[in-house]
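For reference, the chains in residue letters:
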Amino acid sequence: MNADLVTKRNIKGLTLDQLTALMLEIGEKPFHARQIYQWMYQKGVRDFQEMTNLSNDLRNLLSESFSLNAVTLKAKESSRIDETVKYLFAMEDGLFVESVYMVEEKRVTVCLSTMIGCPIGCSYCATALMGFSRNLTAGEIVDQLTLINSLGKKPVTNVVFMGMGEPFLNYENVISAANILNSELGPAIAAKKITISTCGIVPAIYRFADDGHRFKLAVSLSAADDSKRNKLIPINRKYPLKELMKAIEYYTRKSKRRVTFEYILIKGFNDSPEDAHRIISLLGSLPCKLNLIPYNPNEYIGYKPPDESVVDRFIQEVYQSPFTVTVRRSKGSDISAACGQLYVREQKSNG
Ligand code: SF4
C-alpha cells in the first residue's frame, strides 16, 4: 500500500458544493471548484498537474495535500468474441472491486460495484463467496467509470449499479455517485441511462420513491414464489414478495416510472412453464419490463443456464403477459464477466 496516498485526503467523490467549501478552507477562490470538478469527472485527468487552467501554485498545493485517484487498475480481461472488458480495480486500502464494460452498437454500458464483497449472499453470485468487507465511497464508485473512460475506449453512455454489492445498502454514496455521473460538468450521463439494481431492500425502495430520484430502478426477481426466492436471494426471508411488490407498486405510482425485473434463468430450478405463469400472475398489470438472463455459468457455483429450447419455451410463455419482455444473452461469456468471478479467480491464483 502506498503510505503517501493513505495520509492524503482523497477528493474524488466530492460534490461541487463540497469542493467549493474545500477551496474556501484552503484559502482559494471558490470558482476553482468548478474547474477541478470538470477536470476530475468530465475530462478524467488522473494527476493534479494536468489541470492546466489552475496556477502552478494551486496545482502543487493540491498535489501535496490531496489525492485524486480512488481506484487503480489491477487486472483486466478482454473478451475475444465481443468488446466486453472486465476490470479489477484496487482501492487505496489495497482491497479490490470489479467493473464490467460492455458495448452493444452505440450503447456503451459499465456495470459498477458499490461494495467490496456483499452481505446478501445470493446463491447464484460469485461475489457472495467473498463475504462483505465494506461499502465503497462515492469517489470509489465514480472513479471506476472515470478511469475506464480515460483508458481510451468508446466513452460510457449507460451505467448500471449491478456489480459487486447491494446498492441500496450503500444508499447515500450510490446516490451521490449517480448525481455526479449525471451532472452537466461531469460525465453528463442522462438520468434515464443510469440504473440502480436492487435485490429488494424494501425500505430503500420507499425512500428512493419518496426522494424523487430520476434514475431507473431494476429489481432482481429470479423467482416468483417465496420458497424458491428464499433459496436464491436470502433477503427474501426479511422482505418477502408480497412486501416487495407493495413497495414497487408504491414506487411506480409515485415516480410514474416502470421498474425492470431481472430474472436469472437457472436450469431445472426456475425455468418451467409454471415458473413463467407465476411471474405473469405476480406482476399482473404493473407497468414494468421483464429482463430474462440465462445464467452465466462459472467454475465456482453449480448452477447452469437452461438449454436454448427451454429458454425459448419460457419466452413463449411469458410473451403472453401484458408487460414488455427482453432477453439478455450474457456478454463476454468467454471471460469471467459476471461480477465477482475475476476477483474470486485472482484470489485463488494468489493463494
Ligand atoms: S447478486 Fe448482488 S445482492 Fe446478491 S450477493 Fe451478489 S452482489 Fe450481493
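Conventions and cut-offs
- Residues numbered from 1 in each chain as written.
- Predicted model: local features only at pLDDT ≥ 70, side-chain atom pairs only at ≥ 80, totals over all residues.
- Heavy atoms only, no water.
- Helix = DSSP H or I, 4+ residues; strand = E, 2+ residues; numbered from the N terminus.
- Rg over C-alpha atoms; globule rule 2.2 N^0.38 Å.
- Buried < 20%, exposed > 50% of the residue type's maximum accessible area, 1.4 Å probe, protein only.
- Contact = heavy atoms within 4.5 Å.
- Areas by Shrake-Rupley, 256 points an atom, 1.4 Å probe, with all protein chains shown as cover.
- Expected span 1.5 Å × (residues − 1).
- Domains from an automatic or database assignment.
- Buried area = accessible area lost by both parts, 1.4 Å probe.
- Polar contact = N/O pair within 3.5 Å; in protein donor to acceptor, adjacent residues only side chain to side chain.
- Core = buried A, V, L, I, M, F, W, Y, C linked by side-chain atoms within 4.5 Å.

> I'd like a rundown of the overall build of the protein chain, residues and numbers included.
For the protein chain, the count of helices and strands is 12 helices and 14 strands. Taken against the 2.2 N^0.38 rule, which gives 20 Å for 351 residues, the C-alpha radius of gyration of the protein chain at 21 Å falls within 12% of a compact globule. If you line up the protein chain on its principal axes, its C-alpha atoms span 70 × 50 × 35 Å. In the protein chain, which comprises 351 residues, the proportion classed as buried is 56%. Summarising the internal contacts of the protein chain: among those between residues at least 6 apart in sequence, 66% fall at separations of at least 24. When the accessible surface of the protein chain is split by element, carbon and sulfur atoms take 49% of a total near 15300 Å².

> Report on helix 6 (residues 171-182), specifying residues and quantitative values.
Between the first and last C-alpha of helix 6 there are 16 Å, a value that for 12 residues agrees with the 16 Å anticipated at 1.5 Å per step. The element helix 6 is largely enclosed, with a buried count of 9 among its 12 residues. Restricting attention to buried positions, one finds in helix 6 the residues Y171, V174, I175, S176, A177, A178, I180, L181 and N182. The inward-facing, buried residues of helix 6 abut helix 3 (31-42), helix 5 (138-150), strand 9 (158-161), strand 10 (194-198) and helix 7 (202-211).

> Residue-level account of the domain arrangement of the protein chain, with values.
The domain boundaries assigned to the protein chain delineate domain 1 (3-67) and domain 2 (71-349). Distance from the C-alpha centre of domain 1 to the C-alpha centre of domain 2: 32 Å. Carbon and sulfur atoms supply 57% of the area buried between domain 1 and domain 2, which totals about 1300 Å² over both sides. Counting the surface domain 1 buries against domain 2, the share from its top three residues, Y37, Y41 and R46, is 40%.

> Residues and numbers for the side chain of S272, please.
Tracing the chain through its elements places S272 in the loop between strand 12 (259-265) and helix 10 (273-283). Here D275 takes part through its side chain, which lies 2.8 Å from a polar atom of the side chain of S272. Residues within four places of S272 in sequence aside, it is in contact with R313 and F314.

> Before we move on, can you summarise the nonpolar core with the specific residues and values?
With 107 residues, the main nonpolar core has I11, V159, F161 and F261 as its most contacted residues. Of all the elements, helix 6 adds the most residues to this core, at 7 residues. Both domains that furnish three or more residues to this core are identified here as domain 1 (3-67) and domain 2 (71-349). Those residues within four positions of F261 in sequence are excluded, and the remaining contacts are V219, L221, M245, I248, L283, L286, C288, K289, L290 and N291.

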